[in-house]
Structure formats: structure tokens, C-alpha cells
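Take a look at the letters that make up each chain.
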There are 2 protein chains.
Amino acid sequence: MTETPKQTVPVERLRHGDLGDDLSFLLARANALSVSAANTALAAFDLKVRSYSVLALVVGDERPSQRELAEFLRLDPSQVVALVDDLERRGLATRLPDESDRRAKVIVGTTAGRELFAVARRATQRAELEVHSALSAKERELLADTLRRIAYPR
Amino acid sequence: MTETPKQTVPVERLRHGDLGDDLSFLLARANALSVSAANTALAAFDLKVRSYSVLALVVGDERPSQRELAEFLRLDPSQVVALVDDLERRGLATRLPDESDRRAKVIVGTTAGRELFAVARRATQRAELEVHSALSAKERELLADTLRRIAYPR
DNA sequence: TATTGTTATACTCTATAACTATA
DNA sequence: TATAGTTATAGAGTATAACAATA
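Residues numbered from 1 in each chain as written. Chains lettered and ligands numbered in written order. Predicted model: local features only at pLDDT ≥ 70, side-chain atom pairs only at ≥ 80, totals over all residues. Heavy atoms only, no water.

**Student:** How would you summarise the overall build of chain A if you had to cite specific residues and measurements?
**Tutor:** What chain A contains, in helices and strands, is 7 helices and 2 strands. A principal-axis box enclosing the C-alpha atoms of chain A has dimensions of 60 × 40 × 30 Å. When each of the 154 residues of chain A is scored for burial, the buried share is 47%. A fraction of 48% describes how many contacts in chain A between residues 6 or more apart in sequence connect residues 24 or more apart. Of the roughly 8,400 Å² of accessible surface on chain A, a fraction of 52% belongs to carbon and sulfur atoms. Averaging the positions of the 24 positive and the 23 negative side-chain charges in chain A gives two centres separated by 1 Å. (Helix = DSSP H or I, 4+ residues; strand = E, 2+ residues; numbered from the N terminus. Buried < 20%, exposed > 50% of the residue type's maximum accessible area, 1.4 Å probe, protein only. Contact = heavy atoms within 4.5 Å. Areas by Shrake-Rupley, 256 points an atom, 1.4 Å probe, with all protein chains shown as cover. Lys, Arg positive; Asp, Glu negative; His and termini not counted. Charge placed at Lys NZ, Arg CZ, Asp CG, Glu CD.)

Here's what the structure looks like:
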């Protein structure tokens, strides 16, 4: 195997049409490429974008509850249970009782969790850079600003 | 019900961190919002983004084969079978034999398919505009150009 | 031998409802 | 009554392997 042909004929043939130029479709396709690159990079750490995202939110000092994780990641609370279960089983995060609300549990990353996140983060950022390699640093910055306005509507 | 609060507390609290500013995450979140808006709009026509995408590619005059559809949409050929089955069952598309390759089948939209696509397209474009309402026409144009470079790498 | 479409199957993801303990 | 977390379950989406017909 010498060079993997990233772009083959059908894509060229079909991309010019109602769909291929649609903003939502471009968003979806760019995201699909980005997600599969990230998942490939994360596989080495037994993580996926989902579990990596939870880990990322949990190793900071925001100390989110499961409900907050669910809302931010647009997941059902029951899905977050499974994700946190997994991280907890692997010693990467812990459930702590919320002092002010005894129903709620605050999720915090362990030292092992922080360490794994650090290396996983470097790997995903490398993969991400690859996916966005067609863009300059300035263009990436601008793209992030634009996407932020869509991702966090008021 | 007067005004649905689109943005609640946890999102504000968590969006400033390693994850919330990550380009890939912003892409994923923007796409999630876009997809769910599109699916809501398409539900009225018994379509989803998947089936709508196939329909869109099939009502033009590119006459793609199933393999081409699979490759362009980044789906497994077996998934395309199910999608085309559904469109065919509903009289929106037909499988025609490819003259030059008797293994392949060319998928073409029927008149009903073209008509449904036309109205569904208006609905999705309305929904899309809603999602991207924070952006000006010029910004949307620029965003499309940028995403195209990620979505169709060379 | 390789490829197109197909079938079957298993696995993951997602959505929903119901339950408990707290508020 | 409502909310946080949990459990169970069913449905949708995804990935894989194997097959027939054709190249």
C-alpha cells in the first residue's frame, strides 16, 4: 500500500447538486470525518468521543452533576449513567455526593483520569489537526467562532 | 407555554473548558442541533436526514448506483439497500439496470419522488435557516466554503 | 480474483417509561 | 408535585461477514 486515495470518483460526481452544497450536509459530512478520526485516535485508550467528552468535562474543576453532563452533551440522563459507570469501573472518575442536594451526584476525575485525559487529548488534537489541515490557524479560529454561534444559541 | 428557554444554566457553566472550545466538539454540537432540526422538519414527510439525502441524490440527473450513494454518504452498501428499499416501496425511486454493468443498479427518482423532495427541501431549508439564524448570509457562505474544504479533502 | 448488490446478524446508540430517594 | 439518578427495554443506527451474479 503506497498512497491511500482519499477521494474517489463517485464523490466528485455527486458533490455538485442540491445536497452536496447544502450547509447542513457539509456540516454533517465534516463532522462525520472528524468523529471517525477522533474515534480512531481514541481507540488506543479504550475511549470514544462520548466517553472522552465526559472525561474532559470531569477532569476540570467544574464538578458537574450527571444531569449537567447530560444537558451539555445533549444525551439522555440514562446514557450518562452508563458512561460514568464505565469511567468509574476503570478508576478514571468517581461519583461524590452533592453536599447541597442529596439526590445529586457530582462527578470528579481521579488522578488516573486526569493523566489518561492528558495523553488522549494530545492524540485527539493531533488527529483533529489532520482533519482540519486544509485550514490555516487563522481560518480554524474563525471557524470555531462561527460554529460557537450555532452550537450555543441564545 | 410562552418562551422556551433554549439555553439553561449547565451549558453556560460547562462550555468554558478544554472541551467546550474544541473545534471538533463545536462541529459535533452544531451538527447535532442541525440534524435534530432537520429531522423534526422532515418527520412531516416520513423522511429522516438519511432517506432525504438519498432522495436528494436520486432526483437529480446523476443517476448514481447504490455503491456511489454508499460512498458519498459514507454509509455501508447494506444500509443503502434498506434506504432504497424504503423509497422504492413508497414509489419515490426505482432501481434500473445499469446498461454497462449488469451487476450494478442505477437509482432514479420517480415523479412522486421529485415532488416530495421539492416540498421536503423547502421545509428543511426553513429549519436550516432557523438553526443558522445567528449568521448573516455572507457568513453562511463563508462557513460553507470552509466546511467544504474539510468535507471534501483531496 | 474482484466487485455490486443482497441477506443475516450482532453490536452500539438512542429514546422511553417506570422506579427510588430526595426536594 | 417535581427532580436526580437508575434500571429495563425496545427501536434505530452501524458494522461485519458471507453469498450470488457479474466483471
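That was the structure; now back to the text.
**Student:** Explain the packing of helix α3 (residues 49-58) of chain A against helix α5 (residues 77-89) of chain A to me, and be specific about the residues and the numbers.
**Tutor:** Residues and elements named next belong to chain A. Here α3 crosses α5 at 75°, and the two axes come no closer than 10 Å. The angle between α3 and α5 falls in the class roughly perpendicular. Note on element contacts: α5 touches α3 through Q79, L83, V84 and L87, opposite R50, S51, V54 and L55. Counted by class, the contact of α3 with α5 contains 5 nonpolar, 2 polar and 1 charged residues. (Axes fitted to C-alpha atoms, helices over the stretch in contact; angles between N-to-C directions. Parallel < 35°, antiparallel > 145°, perpendicular 65-115°, else oblique. Nonpolar A, V, L, I, M, F, W, Y, C, P; charged D, E, K, R; others polar.)

**Student:** Pulling in residues and values, what's your account of the interface of chain A and chain B?
**Tutor:** Contact residues are listed per partner, giving 62 residues for chain A and 62 residues for chain B. Interface area, chain A with chain B, both sides summed: about 6,400 Å², of which 62% is carbon and sulfur. The tally of links between chain A and chain B comes to 8 salt bridges. The partner of E68 of chain B in a salt bridge is R13 of chain A, and the shortest N-O contact between them spans 2.8 Å. (Buried area = accessible area lost by both parts, 1.4 Å probe. Salt bridge = Lys/Arg side-chain N within 4 Å of Asp/Glu carboxyl O.)

**Student:** Quick rundown of the confidence of the model for chain A? Include the residues and the values.
**Tutor:** Per-residue confidence for chain A gives a mean pLDDT of 90; residues scoring 70 or more make up 94%. Of the regions scoring below 50 in pLDDT, residues 1-8 of chain A engages in 5 contacts with residues more than four places distant in sequence or in other chains. (pLDDT = per-residue confidence, 0-100.)

**Student:** How would you summarise unusual backbone geometry if you had to cite specific residues and measurements?
**Tutor:** One non-glycine residue, R63 of chain A, adopts positive backbone phi at about 45°. You can see R63 of chain A is positioned in the loop between α3 and α4 (66-73). A residue is classified by how much of its surface remains accessible, and R63 of chain A, at 44% relative accessible area, is partly exposed. Backbone geometry places R74 of chain B, a non-glycine residue, at a positive phi of 55°.

**Student:** Kindly report on the protein's contact with DNA strand C, identifying the contributing residues and their values.
**Tutor:** Neighbouring DNA strand C are 18 residues; R50 and D76 of chain A together with R67, R95 and R103 of chain B lie closest to it. Take the atoms of DNA strand C that sit within 4 Å of the protein: sugar and phosphate atoms are 75% of them. Between DNA strand C and the protein, one listed contact pairs a phosphate oxygen with a side-chain N or O atom of Q66 of chain B at 2.7 Å. In the environment of DNA strand C, a phosphate oxygen lies 2.6 Å from a nitrogen or oxygen atom belonging to the side chain of R95 of chain B. Among the elements of the structure, α5 of chain A together with α4 (66-73) and α5 (77-89) of chain B are those that each provide at least two residues to the surface near DNA strand C. Tallied by class, the residues present in the surface near DNA strand C amount to 3 nonpolar, 5 polar and 10 charged. (Near = heavy atom within 4 Å. Polar contact = N/O pair within 3.5 Å; in protein donor to acceptor, adjacent residues only side chain to side chain.)

**Student:** Provide a residue-level description of empty space enclosed by the protein, including the pertinent values.
**Tutor:** Per the stated rule, a full pass over the model turns up 1 cavity of 30 Å³ or more. Lining the largest cavity, in full, are S24 of chain A together with S34, A37, A38, T124, A127, E128 and V131 of chain B. Contributing elements (two or more residues each) for the lining of the largest cavity: α2 (23-42) and α6 (111-131) of chain B. Here the lining of the largest cavity gets 4 residues from one element, more than from any other, and that element is α6 of chain B. (1 Å grid on protein atoms, 1.4 Å probe; cavity = no way out; pocket = protein on both sides within 12 Å on 5 of 7 lines; lining within 4 Å. Points joined across faces, edges and corners; volume = space filled by probe spheres on them.)

**Student:** Which residues make up the protein's contact with DNA strand D, and what are the values?
**Tutor:** In the neighbourhood of DNA strand D, 18 residues make up the surrounding shell, with Q66, R67 and R103 of chain A together with R50 and D76 of chain B lying closest. Looking at DNA strand D alone, sugar and phosphate atoms form 75% of those within 4 Å of the protein. In the model, a phosphate oxygen of DNA strand D is placed 2.6 Å from a nitrogen or oxygen of the Q66 of chain A side chain. In the environment of DNA strand D, a phosphate oxygen lies 2.7 Å from a nitrogen or oxygen atom belonging to the side chain of R95 of chain A. By residue number, the principal contributor to the surface near DNA strand D is α5 of chain A, which donates 3 residues. Each residue belonging to the surface near DNA strand D can be placed in one class, and the counts come to 3 nonpolar, 5 polar and 10 charged.

**Student:** Would you mind going over the packing of helix α7 (residues 137-151) of chain A against α2 of chain B in detail, with residue names and values included?
**Tutor:** It is at 9 Å that the axes of α7 of chain A and α2 of chain B come closest, and there the two elements cross at 35°. As α7 of chain A packs across α2 of chain B, the resulting crossing turns out to be left-handed. Counted together, R140, L143, A144, L147, R148, I150 and A151 of chain A of α7 of chain A and L23, L26, L27, R29, A30 and L33 of chain B of α2 of chain B form the full contact between these two elements. Of the residues belonging to the contact of α7 of chain A with α2 of chain B, the class tally is 10 nonpolar, no polar and 3 charged. (Left-handed = near helix turned anticlockwise from the far one by under 90°.)

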